[in-house]
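An overview of the molecular structure
These are the residues of each chain, in order.
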Amino acid sequence: MNMKNKSEKEMTHFGFQNVYKDKKTSLVSNVFHTVASQYDLMNDLMSFGIHRMWKRFTIYRSEVYVGCIVLDLAGGTGDLSIQFSRLVGNTGIVVLADINDSMLHIGQKKLRDLGILNNVIYIQADAEALPFSENTFDCVAVSFGLRNFTNKEQALFSIHRVLKPRGKLLILDFGVPNFKVLHKIYDLYSFHILPKIGKCITQDINSYRYLVESIRMHPDQETLKNMIIRTGFSNVEYFNMTFGIAVLHCAYKC
Ligand SMILES: C[S@@+](CC[C@H](N)C(=O)[O-])C[C@H]1O[C@@H](n2cnc3c(N)ncnc32)[C@H](O)[C@@H]1O
């Protein structure tokens, strides 16, 4: 292999920048350390609260019931874990896992303040090398996490390993919107207004620039569906929400 090919193989994208694969995880970590304390507020502001509806739909499709064991992967401040903890009840368990301890601490405090004490455990873990035995979870959900992973396929293989046979995968993330007319307004909002809102609230424009760019670099609905199939899942389907701005992919371990 010549040097050029070798270094191309070692590169990935961080937003619109090309970076070495072994640097991306720490760059993403820095983003979430920076935004953690204002993450929930910013989610509501940037999406006008609509992310709550997208997450509610994700929970609705989860088929999680009392006694289930659920992994909220890249769970951050725990929005999905709150809902899952209610569904699984006292006999089930929710594992809120995230690579970033700042996000995990905010999530843990939020859930404890809500009185959720008994059925959620918190684990710092990398989605690409999950520290759980195979066939552990009835459901694994990744909400707005996948596009931040360095190697998405590796993470999907890792999820496949820890899911029980017939266990359910849920991936909620941004998609490619199916409106043409509103595209310019969406671009204007994403690239010009949204980073400025980020700057006003957090004094940090770069993290929000990365978040917008990472959305544009994320695979479209069909490409992600094929990636999920390639990593061993079956019955893959997806649901566009808000004109495809957000997408929920659902699948099962065979
Ligand atoms: C946009 S936040 C989503 C948080 C939450 N799931 C939600 O929907 O609000 C993305 C999360 O992915 C986490 N993350 C990024 N790379 C990760 C990895 N390799 N493994 C686990 N978590 C990761 C970040 O630390 C961050 O908390």
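Predicted, not measured: the structure shown is a model, and the values here were computed from it.

What counts and how
- Along every chain, residues carry numbers that run from 1 in the direction the sequence is written.
- Under the rules for a predicted model, residues below a pLDDT of 70 receive no local features and side-chain atom pairs below 80 are neither given nor counted, while totals for whole chains, interfaces and linings still include all residues.
- Each side-chain value is derived from all of the structure's non-hydrogen atoms; neither hydrogens nor water enter the calculation.
- By definition here, a salt bridge exists when the distance from a side-chain nitrogen of Lys or Arg to a carboxyl oxygen of Asp or Glu is within 4 Å.
- Numbering of helices and strands runs from the N terminus; a helix is a DSSP stretch of H or I covering at least four residues, while a strand is a stretch of E covering at least two.
- Classification of residues uses two cut-offs on accessible area relative to the type maximum, computed with a 1.4 Å probe and protein chains only: under 20% is buried, over 50% is exposed, and between them is partly exposed.
- Polar contact criterion, stated in full: a pair of N or O atoms within 3.5 Å, where within protein one must be able to donate a hydrogen and the other to accept it, and residues adjacent in sequence count only if both atoms are side-chain atoms.
- Only residues above 30% relative accessible area that lack a salt bridge enter a patch, with like-charged residues linked at up to 9 Å and the nonpolar side chains Val, Leu, Ile, Met, Phe, Trp and Tyr linked at up to 5 Å.
- Surface accessibility in these figures is a Shrake-Rupley result with a 1.4 Å probe; residues are shielded only by whichever protein chains are displayed.
- For this analysis, a ring pair means two rings from Phe, Tyr or Trp (six-membered ring only for Trp) whose centres lie within 6.5 Å, classed as stacked if their planes differ by under 30 degrees, edge-to-face if by over 60, and tilted for the remaining angles.

1. A word on the pattern of salt bridges
A complete count under the given rule lists eleven salt bridges for this structure. Among the salt bridges present, the one from Asp 138 reaches Lys 164, with a minimum N-O distance of 3.1 Å. Of this pair, Asp 138 sits in strand S6 (residues 137-143) while Lys 164 is found in strand S7 (residues 163-174), placing the two residues 26 residues apart along the sequence. Of the residues examined, Lys 164 reaches a relative accessible area of 27% and is grouped as partly exposed. A salt bridge links Arg 230 to Glu 153, with the shortest nitrogen-to-oxygen separation between them at 2.6 Å. Within this pair, whereas Arg 230 is found in helix H10 (residues 221-230), its partner Glu 153 is found in helix H7 (residues 152-162), the two being separated by 77 residues in sequence. The class of Glu 153 is partly exposed, set by a relative accessible area of 25%. One network of salt bridges, in which partners are shared, links Asp 40, Lys 55, Asp 79 and Lys 110.

2. Re H7
Residues of H7 that are buried: Lys 152, Ala 155, Leu 156, Ser 158, Ile 159, His 160 and Val 162. For H7, the N-terminal cap is Asn 151; the gap from its side-chain oxygen to the backbone nitrogen of Glu 153 is 3.3 Å.

3. Focus: the environment of Asn 151
By secondary structure assignment, the location of Asn 151 is in the loop between S6 and H7. You can call Asn 151 partly exposed: its relative accessible area is 28%. Sequence separation between Asn 151 and Thr 12 is 139 residues, and the spatial gap between their C-alpha atoms is 8.7 Å. A distance of 3.3 Å separates a polar atom in the side chain of Asn 151 from the backbone nitrogen of Glu 153. One polar contact links the side chain of Asn 151 to the main-chain amide nitrogen of Gln 154, over a distance of 3.1 Å.

4. Section: a nonpolar patch on the surface
Nonpolar side chains collect at one region of the surface, where Val 181, Leu 182 and Ile 185 lie side by side and expose about 310 Å² of accessible area between them. Structurally, the position occupied by Leu 182 is in the loop between S7 and helix H8 (183-202).

5. Concerning the packing of aromatic side chains
A ring pair, where both rings are aromatic, is described by two values, the distance of the centres and the angle of the planes. Counted according to the given criterion, the structure contains eleven aromatic pairs. For the pair Phe 132 and Phe 137, a centre-to-centre distance of 5.1 Å together with 90° between the ring planes defines the contact as edge-to-face. Exposure class is identical for Phe 132 and Phe 137. Each is buried. Taken together through their ring pairs, the aromatic side chains of Trp 54, Phe 144 and Phe 174 make up a single cluster.

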